[in-house]
Amino acid sequence: MRRLKILIADDHQLMIHAIRLALEDNTDIEIVAEADSGSKVMPLIGQTSPDLVLLDVRMPGMDGLTVLERVRERYPKVRVAMLSAVDDPSVIQAAFHRGASAYIVKHIDPRDLAAAIRQAIAGAIFQPLGLIERAGDAAAREADLSKRELTILQALQSGRSNKQIASELFLAEQTVKFHLTNIYRKLGVNSRTEAVRYAYEHGLADRLAYEVA
Amino acid sequence: MALVVEITQPALLPDLITGLKRSGCVADRVAPAACRVRDLGTASREEARLELAFFVRAWQLVHPGVEVTISA
């Protein structure tokens, strides 16, 4: 089994130590490097080729959002998950606009950290609690989504499979696929990830993708 | 700024203090089952509490059954 390689960037040793404790029983995850400042991240990515960078927003030297931008430019295949004490919606939004795969607030239960990392690497996009207000009905109408399609779109955010969505909504898996095809067509997207991103960017999402705050 | 961490198993306090010191904090035993933690290097008390709580919850994962209280 290939292990997921993680680089942690946080200027507080307390957090780095805590993250190590939180992940140590997850044998599929390997911490390949630690950076205590933003400026150390890029060289360490070059040396260790991580799958994901777990990045604090506030760091000396180069702040997390700047690092995020540079990582996405230079290493587009490397995912970045922000792990931060900052829960200011404008900062969270800025992180997603710069290409973050997840924004994890430090309120997270450490037991959930490994799952959040795995799903960020798998391509799901997470948004923290409270970022988006309740679903904009107008936005849904504009996209011409039915109530059922909107529900399925929201379920996509949590990284659920078609089978799981079908089970939760008491639908046949084939019906979920049918709705997904319609959702993709209406939103002009080609994948689940693109659909979730669209929902986020257009205010269609009103539920937690992943409860991280 | 200082925060006090109290745990339900006093025998584990040295382990917690060692972990906190290894993480760059100043941690001193102030009672049989409590330590005071300073120098967290955070910008605010709220951030200090958040990071200390995250650390302590992660520490609890390797010490199941210990209950922890953090206070100012």
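In this text the structure is predicted, and so the values were computed from the model without any measurement.

Rules of the game
Residues numbered from 1 in each chain as written. Chains lettered and ligands numbered in written order. Predicted model: local features only at pLDDT ≥ 70, side-chain atom pairs only at ≥ 80, totals over all residues. Helix = DSSP H or I, 4+ residues; strand = E, 2+ residues; numbered from the N terminus. Contact = placed C-beta atoms within 7 Å. Buried ≥ 20, exposed ≤ 12 C-beta atoms within 10 Å, placed from the backbone. Pairing = 2+ DSSP bridges. Right-handed = clockwise from strand over helix to strand, strands pointing away. pLDDT = per-residue confidence, 0-100. Nonpolar A, V, L, I, M, F, W, Y, C, P; charged D, E, K, R; others polar. Core = buried A, V, L, I, M, F, W, Y, C linked by C-beta atoms within 7 Å. Domains from an automatic or database assignment. Axes fitted to C-alpha atoms, helices over the stretch in contact; angles between N-to-C directions. Parallel < 35°, antiparallel > 145°, perpendicular 65-115°, else oblique.

A. Looking closely at the overall build of chain B. Within chain B one finds 2 helices and 4 strands. Its helices and strands taken in sequence order, chain B reads β-α-β-β-α-β from the N to the C terminus. The contacts in chain B between residues at least 6 apart in sequence include a share of 47% that link residues at least 24 apart.

B. Structural detail: the overall build of chain A. For chain A, the count of helices and strands is 10 helices and 5 strands. In chain A, which comprises 213 residues, the share counted as buried stands at 43%. Intrachain contacts of chain A at a sequence separation of at least 6 include 68% that bridge at least 24 residues.

C. Local environment of unusual backbone geometry. For S49(A), which is not glycine, the phi dihedral falls at a positive 45°. Mapping S49(A) onto the fold places it in the loop between α2 (41-48) and β3 (52-55). Its identity is not glycine, yet D39(B) carries a phi of approximately 55°, on the positive side. Here D39(B) shows up in the loop between β3 (34-38) and α2 (45-62).

D. Examining the pairing of β3(A) more closely. Residues and elements named next belong to chain A. With burial as the criterion, each face of β3 is covered, one bearing L52 and L54 and the other bearing V53 and L55. Of the strand pairs in this sheet, strand β1 (residues 4-9) and β3 are connected by 4 bridges, and their pairing is parallel. Paired with L7 across the bridge in β3 is V53. Across 4 bridges, β3 lies against strand β4 (residues 79-84) in parallel orientation. Bridging across to β4, L52 finds its partner in R79. Viewed along the sheet, the connection from β3 through helix α3 (residues 64-74) into β4 turns out right-handed.

E. Summary view of the confidence of the model for chain B. Averaged over all residues, the pLDDT of chain B is 91; the fraction at 70 or higher stands at 100%. As scored by the predictor, the complex reaches a pTM of 0.70 and an ipTM of 0.92.

F. Highlighting the interface of chain A and chain B. On the side of chain B, 18 residues touch chain A, which itself brings 15 residues to the contact. For the side of chain A that touches chain B, the residue count by class is 7 nonpolar, 4 polar and 4 charged.

G. Region of the structure containing the nonpolar core. Grouped together as the largest cluster of nonpolar side chains are 80 residues, with contacts concentrated most on A81(A) and M82(A). Each of domain 1 (4-122) and domain 2 (137-201) of chain A contributes no fewer than three residues to this core.

H. Up close: the confidence of the model for chain A. Residue and element names in this part refer to chain A. When pLDDT is averaged along chain A, the result is 83, and 86% of the positions lie at 70 or above. Predicted confidence in chain A is weakest over helix α6 (residues 137-142), with a mean pLDDT of 66, and strongest over β1, with 97. Segment residues 129-135 is flagged for pLDDT under 50; beyond a separation of four residues in sequence, or across chains, it makes 17 contacts in the model.

I. The packing of helix α7 (residues 147-157) of chain A against helix α10 (residues 192-201) of chain A, seen in detail. All names here are of chain A. Contact pair α7 / α10: the axes reach a minimum separation of 9 Å and the direction vectors enclose 105°. Looking at the two axes, α7 sits roughly perpendicular to α10. Only R192, A195, V196 and A199 of α10 make contact with α7, whose side of the interface consists of L153, L156 and Q157.

J. Structural detail: the environment of L52(A). Residues and elements named next belong to chain A. Here L52 is to be found in strand β3. Taking C-alpha positions, L52 is 9.3 Å from S101, a pair spaced 49 residues apart along the chain. If we ignore the near neighbours within four places in the chain, the residues touching L52 are L4, I6, V78, R79, V80, A81, I117, A120 and I121.

K. Looking closely at the sheet that holds β3(B). Residue and element names in this part refer to chain B. Ordered in space as β2-β3-β1-β4, the 4 strands form an open sheet in which the pairing is antiparallel. With one partner strand each, in any of the chains shown, β2 (26-31) and β4 (68-71) form the two edges of the open sheet. Adjacent strand axes in the sheet meet at a mean angle of 25°, parallel and antiparallel pairs treated alike. Pairing analysis gives 4 bridges linking strand β1 (residues 2-7) to β4, with the strands arranged antiparallel. Residue pairing in the sheet places I7 in a bridge with V68 of β4. Where helix α1 (residues 13-22) meets the sheet, it contacts β1, β2 and β3, and its direction lies at approximately 155° from that of β2. Docked against the sheet, α2 engages β1, β3 and β4, running at close to 170° with respect to β4.

L. How the structure looks around the pairing of β3(B). All names here are of chain B. Side chains of β3 alternate between two faces, with C35 and V37 buried and A34, R36 and R38 left unburied. For β1 and β3, the ladder comprises 5 bridges, and the chain directions are antiparallel. Looking at β3, one finds that E6 is bridged to A34. Where β2 meets β3, 5 bridges bridge the pair, whose relative direction is antiparallel. Of the residues in β3, the one forming a bridge with R29 is C35. The hairpin turn running from β2 into β3, its antiparallel successor, is 2 residues long.

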